[in-house]
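Close look at the chain arrangement
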Amino acid sequence: MEHNTYGYARVSSIDQNEDRQLMALRSRDVTDNHIFVDKQSGRSFKRPSYKRMVTKLKQGDLLYVLSIDRLGRNYEEVQNQWRFLTKEKGVDVCVIDMPLLDTRQGKDLMGTFIADLVLQILSFVAQSERENIRRRQEEGIAAAKAKGVRFGRPAKPVPDNFESIVSEWEKKKISFQEALKQCDMSEATFYRKLKEYRLLHCS
């Protein structure tokens, strides 16, 4: 049975460039018609090109990826996919920038153990990094709030002639839509500002 060599590349968005990955795959003699590229997040494996590639892979084929995070960002799912590809489909997988993750090397129990161990370590490191990033973000937001930094869209300023606009609207000299237009506000913002204005001037 003839065995084929495939390559998989992924970038997180359409404005990112996959050229470096393609060069690495081509340097391993992967032909362009056997290279599959996705331009979306690596959190899930529900990616069109990846799914299409998996249907073509058969036992004895070889799959190249430049780095393990190009395969996916969710390392629990990466481990599941790794086992699916190597155990169920019988495909060899080679991560170019991590020689330990090359199933062609060490087909014995020790080789399999090392690959599984590397994947578990990567999973732990990735999870720890995600938690650290989230903690740093939370600490940064808390520190900024303590300094008075406000988050979200800036508050809509009230025009200088807000009082006269409201007065003309209440006297039916202008329509409600005209009042909104002059204030450059949505209906919800107008009513909120009106409530704030009345509380401020009638208290």
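Rules used throughout
Residues numbered from 1 in each chain as written. Predicted model: local features only at pLDDT ≥ 70, side-chain atom pairs only at ≥ 80, totals over all residues. Heavy atoms only, no water. Buried < 20%, exposed > 50% of the residue type's maximum accessible area, 1.4 Å probe, protein only. Helix = DSSP H or I, 4+ residues; strand = E, 2+ residues; numbered from the N terminus. Pairing = 2+ DSSP bridges. Right-handed = clockwise from strand over helix to strand, strands pointing away. Axes fitted to C-alpha atoms, helices over the stretch in contact; angles between N-to-C directions. Contact = heavy atoms within 4.5 Å. Parallel < 35°, antiparallel > 145°, perpendicular 65-115°, else oblique. Nonpolar A, V, L, I, M, F, W, Y, C, P; charged D, E, K, R; others polar. Core = buried A, V, L, I, M, F, W, Y, C linked by side-chain atoms within 4.5 Å. Phe/Tyr/Trp six-rings, centres within 6.5 Å; stacked < 30°, edge-to-face > 60°. Arc of directions from axis to C-beta.

Turning our attention to the pairing of strand β4 (residues 92-95). Residues Asp-92 and Cys-94 of β4 are buried on one face, and the alternating residues Val-93 and Val-95, pointing to the opposite face, are buried as well. With four bridges connecting them, strand β3 (residues 62-65) and β4 associate as parallel partners. In the sheet register, Leu-62 faces β4, and the bridge partner there is Asp-92.

Time to look at the pairing of strand β2 (residues 35-39). In the sheet, strand β1 (residues 5-11) pairs with β2 via five bridges, with the strands oriented parallel. Opposite Arg-10, over in β2, you have Asp-38 as the bridge partner. Considered for its hand, the β-α-β crossover made up of β1, helix α1 (residues 19-26) and β2 is right-handed.

Our focus in this paragraph is the sheet that holds β2. Read across the open sheet, the four strands follow the order β2-β1-β3-β4; overall the sheet is parallel. Every other strand in the sheet has two partners, leaving β2 and β4 as the edge strands with one partner each. Strand-to-strand twist of the sheet, defined as the mean angle between neighbouring strand axes without regard to direction, takes the value 20 degrees. Along the sheet, α1 contacts β1, β2 and β3; its crossing angle with β1, the most-contacted strand, is approximately 170 degrees. Strands β1, β2 and β3 of the sheet are contacted by helix α2 (residues 48-56), whose axis makes an angle of about 155 degrees with β2.

Turning next to unusual backbone geometry. Although it is not a glycine, Lys-172 adopts a positive phi angle of roughly 60 degrees. Position of Lys-172 among the secondary structure elements: in the loop between α6 (162-170) and α7 (176-183). One non-glycine residue, Asp-184, lies in positive phi territory at about 55 degrees. As for its placement among the helices and strands, Asp-184 is situated in the loop between α7 and α8 (187-202).

As a further point, take the packing of α6 against α7. For the pair α6 and α7, the least separation of the axes is 9 Å and the interaxial angle reads 170 degrees. The angle between α6 and α7 places the two elements in the roughly antiparallel class. Two secondary-structure elements touch here, α6 through Phe-162, Ile-165 and Trp-169 and α7 through Phe-176, Ala-179, Gln-182 and Cys-183. Looking at the contact of α6 with α7, its residues break down into six nonpolar, one polar and no charged.

Core analysis: the biggest nonpolar cluster contains 24 residues, and Tyr-8, Tyr-50, Ile-68, Leu-71 and Leu-101 have the highest contact counts within it. Of all the secondary structure elements, the ones that give two or more residues to this core are β1, α2, β3, α3 (68-71), α4 (75-88), β4 and α5 (109-146). The contacts of Tyr-50, once residues within four sequence positions are left out, are Tyr-8, Asp-38, Phe-45, Leu-71, Gln-81 and Leu-85.

Attention now moves to the packing of aromatic side chains. For the structure shown, the criterion picks out nine aromatic pairs. Aromatic side chains Tyr-8 and Tyr-50 sit 5.3 Å apart centroid to centroid with 75 degrees between the ring planes, which places their arrangement in the edge-to-face category. In this pair, Tyr-8 sits in strand β1 while Tyr-50 sits in helix α2, placing the two residues 42 residues apart along the sequence. In this structure, Tyr-8 and Tyr-50 share a single accessibility class: buried. Look at Trp-169 and Phe-190: their rings are 5.5 Å apart centre to centre, the planes differ by 90 degrees, and that puts the pair in the edge-to-face class. Of this pair, Trp-169 sits in helix α6 while Phe-190 sits in helix α8, and the two are 21 residues apart along the sequence. With a relative accessible area of 0%, Phe-190 lands in the buried category.

All right, on to α1 then. Those residues of α1 that sit buried are Gln-21, Leu-22, Ala-24 and Leu-25. Buried residues in α1, looked at end-on, bunch into an arc of 160 degrees, giving them a common side. Across α1 from its buried face, at more than 90 degrees, point the exposed residues Arg-20 and Met-23. Tucked inside the fold, the buried residues of α1 contact β1, β2, β3 and α3.

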